[in-house]
Amino acid sequence: MNTLINDYELLVRYIEEMIDDGCQLLHGGNLFDWSDTKITTVLKKIRKRKTGLTMQAIKPGVQLRHRVSGQSMTVTEVNENTVYLATDNPPITYPLANISEAFEVIKKSKQ
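Residues numbered from 1 in each chain as written. Predicted model: local features only at pLDDT ≥ 70, side-chain atom pairs only at ≥ 80, totals over all residues. Heavy atoms only, no water.

Visitor: Tell me about the sheet that holds strand 5 (residues 83–87), and please be specific about residues and values.
Guide: In spatial order, the strands read 3-4-5; together these 3 strands make up an open sheet with antiparallel pairing. The sheet terminates laterally at strand 3 (63–65) and strand 5, the two strands that pair on one side only. Going from strand to strand, the sheet's axes swing by 45° on average, the running direction of each strand aside. Where strand 3 and strand 4 (residues 72–78) come together, 3 bridges link them in antiparallel fashion. Each residue of the ladder has a partner; that of Leu 64, found in strand 4, is Met 73. (Pairing = 2+ DSSP bridges. Helix = DSSP H or I, 4+ residues; strand = E, 2+ residues; numbered from the N terminus. Axes fitted to C-alpha atoms, helices over the stretch in contact; angles between N-to-C directions.)

Visitor: Pulling in residues and values, what's your account of the pattern of salt bridges?
Guide: Scanning the entire structure with this criterion turns up 1 salt bridge. For the salt bridge of Glu 17 with Arg 13, the shortest nitrogen-to-oxygen distance reads 3.3 Å. With a gap of 4 residues between them, Glu 17 and Arg 13 both fall in helix 1 (residues 2–20), about one helical turn apart. Looking at Glu 17, the relative accessible area reads 37%, which means it is partly exposed. (Salt bridge = Lys/Arg side-chain N within 4 Å of Asp/Glu carboxyl O. Buried < 20%, exposed > 50% of the residue type's maximum accessible area, 1.4 Å probe, protein only.)

Visitor: Before we move on, could you go through a nonpolar patch on the surface and cite the residues and values that matter?
Guide: Where nonpolar side chains cluster on the molecular surface, the patch consists of Val 78, Val 83 and Leu 85 and spans about 200 Å² of accessible area. Within the secondary structure layout, Val 83 lies in strand 5. For Val 83, a relative accessible area of 34% corresponds to the partly exposed category. (Patch = residues over 30% accessible without salt bridge, like charges linked within 9 Å, V, L, I, M, F, W, Y side chains within 5 Å. Areas by Shrake-Rupley, 256 points an atom, 1.4 Å probe, with all protein chains shown as cover.)

Visitor: Help me get a handle on the side chain of Thr 40, residues and values and all.
Guide: Tracing the backbone shows Thr 40 in helix 2 (residues 39–51). The buried category is assigned to Thr 40, whose relative accessible area is 19%. Apart from residues lying up to four places away in sequence, Thr 40 is in contact with Ile 19, Trp 34 and Ser 35. (Contact = heavy atoms within 4.5 Å.)

Here it is, written out as structure tokens:
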């Protein structure tokens with residue numbers, strides 16, 4: 001999933017560079033501005049999410065919610081590279097449409 005996230009971040013950076021460079025959009029022979037699209041709104045949401053949680057806020061006891069699955073978890077331990085999380089509810093729920101982005105099969109069912 002890190003590769004996918006890195007690809008998304010790279011895509012966002014490229015789009016922001018295009019906007020900053022003054023690139024215009026052309027559709028059906030008509031020029032229009034980036035602000036005439038939902039692209040700039042989505043970019044603002046992405047920027048807000050990236051700055052929403054600071055590293056200083058991640059301490060044992062803090063509760064977090066996964067943005068995609070909605071699963072709540074509690075930080076149990078933090079070291080220089082890893083955050084250990086315990087699920088607040090034993091079953092983990094995850095959107096089926098996004099499962100292949102976050103998980104891989106390690107053992108198939110015998111059915």
